[in-house]
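Single-letter residue listing:
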Amino acid sequence: MADRAEKDVPGGCTGGQKFGIMGYEIDVKDARLVAARRVMTEVTMGRLVTKQDLERAQERMRARRGQEFDLLREIILARPQNGGAAVADIAIKVAAVDVVGATHLSSAQDSFFLRGLSEIIRDTEDVDGRIARGDVSVVSEIARRGREAFGYNPFPFVTKYCCFHNRFLHGRDDYSTYDNRVQLWLLGFYREEKQGRVDANKVCKTCDYGLFNERMGKVIAECGLGGVPNVREKLNTYIYVLAADADAEARKNQQAARPSRA
């Protein structure tokens, strides 16, 4: 597989003439999703996030998807080990994170992600201890090994896999999660700052999780949210809800623009 050109997976890095929203990579000819991107960027641009924004988003997420995340927590708590664990146990968690995290690795052309990525996670040095400590290098290491081995970039998935283990097993909030929603939101948030846009565009392609997590920490500080418990989790939830609203607004506008049938 080493000679296969690297591919992006839905929910992964954007590239070329495509962008992603709601976890999917979409061709820009899709007018509704282009509009959704515009709505999200306009809403985000120049607007600081407040504690009230975070709390409202948490309430909406709990009502909409609370049971899914509760089940994911149970799955991870029942299989806490990664290093040296049975591949089947890790694979169950990989599949669950892929579904709940909407990273859509399962839509890749082959089933590399389930066994192959499970083996990479298992064989990563001190993987459990590093996740427990919030070590950012473990995310980049797993993602890069997956990309080199299989020609796909699993970076968004790995950010969520490590985040959920860090949160559910250790009660910590060390990891922000990355996907196309977050990338679009960062591009809007840093509309007037060139370096912020550069960082938002390159972190996934380079699997530079340290840069991404640092950038999200700066956003949290700029918004004055440093004292909010589990703020990284809550900010990601806020971005997810914002993307869902942008998509709904774009659908509504598209329907309104259609000519009525006689």
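Relevant structure appears above.
Residues numbered from 1 in each chain as written. Predicted model: local features only at pLDDT ≥ 70, side-chain atom pairs only at ≥ 80, totals over all residues. Heavy atoms only, no water.

Enquirer: Before we move on, could you go through the overall build of the chain and cite the residues and values that matter?
Expert: The helix and strand tally for the chain stands at 11 helices and 2 strands. Listing each helix as α and each strand as β along the chain from the N terminus yields β-β-α-α-α-α-α-α-α-α-α-α-α. Expressed as a percentage of the 262 residues in the chain, the buried residues total 52%. Partitioning the intrachain contacts of the chain with sequence separation of at least 6 by distance along the chain shows that 68% fall at a separation of at least 24. Of the roughly 12200 Å² of accessible surface on the chain, 49% is carried by carbon and sulfur atoms. (Helix = DSSP H or I, 4+ residues; strand = E, 2+ residues; numbered from the N terminus. Buried < 20%, exposed > 50% of the residue type's maximum accessible area, 1.4 Å probe, protein only. Contact = heavy atoms within 4.5 Å. Areas by Shrake-Rupley, 256 points an atom, 1.4 Å probe, with all protein chains shown as cover.)

Enquirer: So what's going on with the environment of Glu125? Which residues, and what values?
Expert: Note on placement: Glu125 falls in the loop between α4 (112-123) and α5 (127-133). Residue Glu125 is classed as exposed on the basis of its relative accessible area, which comes to 63%. C-alpha separation for the pair Glu125 and Glu141, spaced 16 residues apart in sequence, amounts to 9.9 Å.

Enquirer: Help me get a handle on unusual backbone geometry, residues and values and all.
Expert: In this model, Ala102 sits at a positive phi of 55°, which is unusual for a non-glycine residue. Looking at where Ala102 falls in the secondary structure, it is placed in the loop between α3 (87-100) and α4. Within the chain, Cys207 stands out as a residue other than glycine whose phi angle is a positive 55°. Examined against the element boundaries, Cys207 turns out to sit in the loop between α9 (194-206) and α10 (209-222). What makes Cys207 buried here is its relative accessible area of 0%.

Enquirer: Can you explain the packing of α9 against α10? Please cite residues and give values.
Expert: Relative orientation of the contacting elements α9 and α10 amounts to 140°, with a least axis distance of 9 Å. Comparing the axis directions of α9 and α10 gives the class oblique. The crossing of α9 and α10 is left-handed. On the side of α9, the interface is formed by Gln195, Gly196, Asp199, Lys202 and Val203, while α10 contributes Leu211, Phe212 and Arg215. Looking at the contact of α9 with α10 residue by residue, the class counts come to 3 nonpolar, 2 polar and 3 charged. (Axes fitted to C-alpha atoms, helices over the stretch in contact; angles between N-to-C directions. Parallel < 35°, antiparallel > 145°, perpendicular 65-115°, else oblique. Left-handed = near helix turned anticlockwise from the far one by under 90°. Nonpolar A, V, L, I, M, F, W, Y, C, P; charged D, E, K, R; others polar.)

Enquirer: For the side chain of Ser140, give the residues involved together with the corresponding values.
Expert: Mapping Ser140 onto the fold places it in helix α6 (residues 137-150). Ignoring sequence-local partners within four residues, the contact set of Ser140 consists of Cys207, Asp208, Tyr209 and Gly210.

Enquirer: Account for the environment of Leu77, with residues named and values stated.
Expert: Tracing the sequence through the fold places Leu77 in helix α2 (residues 51-78). In this structure the C-alpha to C-alpha distance between Leu77 and Leu169, which are 92 residues apart in sequence, comes to 6.5 Å. Excluding residues that lie within four positions of it along the chain, Leu77 makes contacts with Phe168 and Leu169.

Enquirer: Now, about the nonpolar core: what can you tell me, with residues and values included?
Expert: Core analysis: the biggest nonpolar cluster contains 62 residues, and Trp185, Leu186, Leu235 and Tyr238 have the highest contact counts within it. Tallying contributions element by element places helix α7 (residues 155-170) first for this core, with 8 residues. Excluding residues within four positions of it along the chain, Leu235 makes contact with Val49, Leu54, Trp185, Met216, Val219 and Ile220. (Core = buried A, V, L, I, M, F, W, Y, C linked by side-chain atoms within 4.5 Å.)

Enquirer: A description of the packing of aromatic side chains should follow, citing residues and the corresponding values.
Expert: Scanning the model with the defined rule gives 10 aromatic pairs in all. Ring centres of Phe157 and Tyr161 lie 5.7 Å apart, and the angle between their planes is 40°; this geometry places the pair in the tilted category. Of this pair, Phe157 and Tyr161 both sit in helix α7, 4 residues apart, which is roughly one turn of the helix. In terms of burial, Phe157 and Tyr161 fall into one category: buried. Measuring from centroid to centroid gives 5.1 Å for Phe189 and Tyr190, while their planes differ by 80°, and the two rings are edge-to-face. For the pair Phe189 and Tyr190, a shared accessibility class is recorded, and that class is buried. A network of ring pairs unites the aromatic residues Phe155, Tyr175, Tyr178, Tyr209 and Phe212 as a single cluster. (Phe/Tyr/Trp six-rings, centres within 6.5 Å; stacked < 30°, edge-to-face > 60°.)

Enquirer: Explain the packing of α2 against α3 residue by residue, including any values.
Expert: Between α2 and α3, the shortest axis-to-axis distance is 10 Å and the interhelical angle comes to 165°. Put simply, α2 runs roughly antiparallel to α3. The two elements α2 and α3 meet at a crossing, and its hand is left-handed. Together, Arg65, Glu68, Phe69, Leu72, Ile75 and Ile76 of α2 and Ile92, Lys93, Ala96, Val97, Val99 and Val100 of α3 make up the contact between the two elements. Taken together, the residues of the contact of α2 with α3 sort by class into 9 nonpolar, no polar and 3 charged.

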